[in-house]
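# Notes for the structure review
Chain residues, written in single-letter form:
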Amino acid sequence: MPRIPAHTLDSAPEGSKEIAGNLQRRMGKFLNIHAGMAHSPAVLGAYDGISQAITAHGSFDARTKEAIALAVGNQNGCDYCQAAHTLSARKAGLDDDQILAVRAGEVDFDPKLAAITEVAREAAARTGHVSDTVWQAALDAGWTDQELTEAFAHIAANLFTNYFNHYARTDLDVPAAPALAL
């Protein structure tokens, strides 16, 4: 049961309505995560701000962004984000086997994607710390200093949503992500 109930567009506080409406148009529906965040214009605005900054200034393609989101979501055990980003990853061109591989940390189909998702996974697991070995592997795979810096924004955005879902106990309103084989 959610700790923070989902608002509707009509019931959202006045300070959240514009962002909420924009999110509904962008996503095709008012997702429970956004409907929970809408209780606080500061929370919804912070989420929207980092999302807009990534959109305006980021260089990663959709496939890379979704892979980072899946890696971070899996590392944090965020069922909501793994489910939502499974849908988005399919739209970005990852097939179901690749999505499961990214979530499991077993990316054997794309060495460059494997390197950046390992950076994301390790940063999420170790409060931002990434080992020299993992960092160097990302450089060796072709990621630049600029791209590895940008990766932090994607990691932070996903930590924000993962933690919010844990904090609020957001109800799942998208199909659950397939279970990983143990």
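Throughout what follows, the structure given in this document is the object of discussion. (Residues numbered from 1 in each chain as written. Predicted model: local features only at pLDDT ≥ 70, side-chain atom pairs only at ≥ 80, totals over all residues. Heavy atoms only, no water.)

### Focus: helix H4 (residues 62-75)
Taking 1.5 Å as the rise per residue, H4 with 14 residues should run 20 Å; its terminal C-alpha atoms sit 20 Å apart, in good agreement. All of the buried residues along H4 are Thr64, Glu66, Ala67, Ile68, Ala69, Leu70, Ala71, Val72 and Gly73. The secondary structure elements touched by the buried residues of H4 are helix H5 (79-91), helix H6 (96-104), helix H7 (111-125) and helix H9 (145-168). Two residues or fewer after H4 comes Gly77, characterised by a positive phi angle close to 65°. (Helix = DSSP H or I, 4+ residues; strand = E, 2+ residues; numbered from the N terminus. Expected span 1.5 Å × (residues − 1). Buried < 20%, exposed > 50% of the residue type's maximum accessible area, 1.4 Å probe, protein only. Contact = heavy atoms within 4.5 Å.)

### Observations regarding unusual backbone geometry
Although it is not a glycine, Thr127 adopts a positive phi angle of roughly 45°. Mapped onto the elements, Thr127 comes out in the loop between H7 and helix H8 (132-140). Given the relative accessible area of 72%, Thr127 is considered exposed.

### So, the layout of surface pockets
Here the largest pocket is characterised by a volume of approximately 1000 Å³. Secondary-structure elements contributing two or more residues to the lining of the largest pocket are helix H1 (14-27), helix H2 (32-37), helix H3 (41-57), H4, H5 and H9. Counting residues per element, the lining of the largest pocket draws most heavily on H5, which supplies seven residues. For the lining of the largest pocket, a count of residues per class yields 15 nonpolar, nine polar and six charged. (1 Å grid on protein atoms, 1.4 Å probe; cavity = no way out; pocket = protein on both sides within 12 Å on 5 of 7 lines; lining within 4 Å. Points joined across faces, edges and corners; volume = space filled by probe spheres on them. Nonpolar A, V, L, I, M, F, W, Y, C, P; charged D, E, K, R; others polar.)

Taken by themselves, the reported measurements are silent on function.
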